[in-house]
Amino acid sequence: MLKKDLLRLCLLHLLRSGDKYGYEMLDKIQAVFLDTHITVIYALLRELCRDGFTSQYKGDESDGPARKYYHMTDEGRRLYETLLKQWHTLQDAVKQFGL
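Quick caveat, the model's predicted, so the values are computed rather than measured.

Quick notes on the rules
Residues numbered from 1 in each chain as written. Predicted model: local features only at pLDDT ≥ 70, side-chain atom pairs only at ≥ 80, totals over all residues. Heavy atoms only, no water. Phe/Tyr/Trp six-rings, centres within 6.5 Å; stacked < 30°, edge-to-face > 60°. Helix = DSSP H or I, 4+ residues; strand = E, 2+ residues; numbered from the N terminus. Lys NZ or Arg CZ within 6 Å of the ring centre and 35° of its normal. Contact = heavy atoms within 4.5 Å. Axes fitted to C-alpha atoms, helices over the stretch in contact; angles between N-to-C directions. Parallel < 35°, antiparallel > 145°, perpendicular 65-115°, else oblique. Left-handed = near helix turned anticlockwise from the far one by under 90°. Nonpolar A, V, L, I, M, F, W, Y, C, P; charged D, E, K, R; others polar.

Just checking my understanding: could you explain the packing of aromatic side chains for this structure?
The description of an aromatic ring pair uses the distance of the two centres, along with the angle that the planes make with each other. Applying the stated criterion to the full structure yields two aromatic pairs. Aromatic pair Tyr21 and Tyr69: ring centres 5.7 Å apart, planes at 70°, arrangement edge-to-face. Pair noted here: Tyr21 is in strand E1 (residues 20–21) and Tyr69 is in strand E3 (residues 66–72), with a separation of 48 residues, a long-range link. A cation over an aromatic ring shows up here: Arg67 above the ring of Tyr21, its NZ or CZ 3.9 Å from the ring centre.

Structure representation (structure tokens):
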């Protein structure tokens, strides 16, 4: 599992509890993955949307421009389950090395 897949798993995991706007997810991801640049996360969000794993819509305007909200689709739920299984397989493999 590459870091890109791990980030996609984390983004989809955040969406499991409901729709989120981009910066809200960005803030949570960057708190854990300190070396991940903002452009990488937004590129992954666009990719997930383009590939049909999420959809996006504009919410109410805040103090600035309208926020883009993301919603996980049924395809996104299937991808989430696949990535989660891969993550658990990787965890089990690493545990065999005593890490």
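There's plenty left to go through after this.
Where do I start with the environment of Leu48 in this structure?
Within the element layout of this structure, Leu48 appears in helix H3 (residues 38–50). With 37 residues separating them in the primary sequence, Leu48 and Leu11 have C-alpha atoms 9.4 Å apart. Apart from the residues within four sequence positions on either side, Leu48 is in contact with Arg8, Leu11, Leu12, Phe53, Thr54 and Leu79.

What is the right way to look at the packing of helix H2 (residues 22–32) against H3 in this model?
Packed helix pairs are specified by the crossing angle of their axes together with the interaxial distance, meaning the distance between the axes. Close contact between H2 and H3 brings their axes to 10 Å; oriented N to C, the two are set at 125°. In terms of orientation, H2 lies oblique with respect to H3. When you trace H2 past H3, the crossing you get is right-handed. Contacts from Gly22, Tyr23, Met25, Leu26, Ile29 and Gln30 in H2 reach Ile38, Ile41, Tyr42 and Leu45 in H3. Its residues assigned to classes, the contact of H2 with H3 shows eight nonpolar, two polar and no charged.

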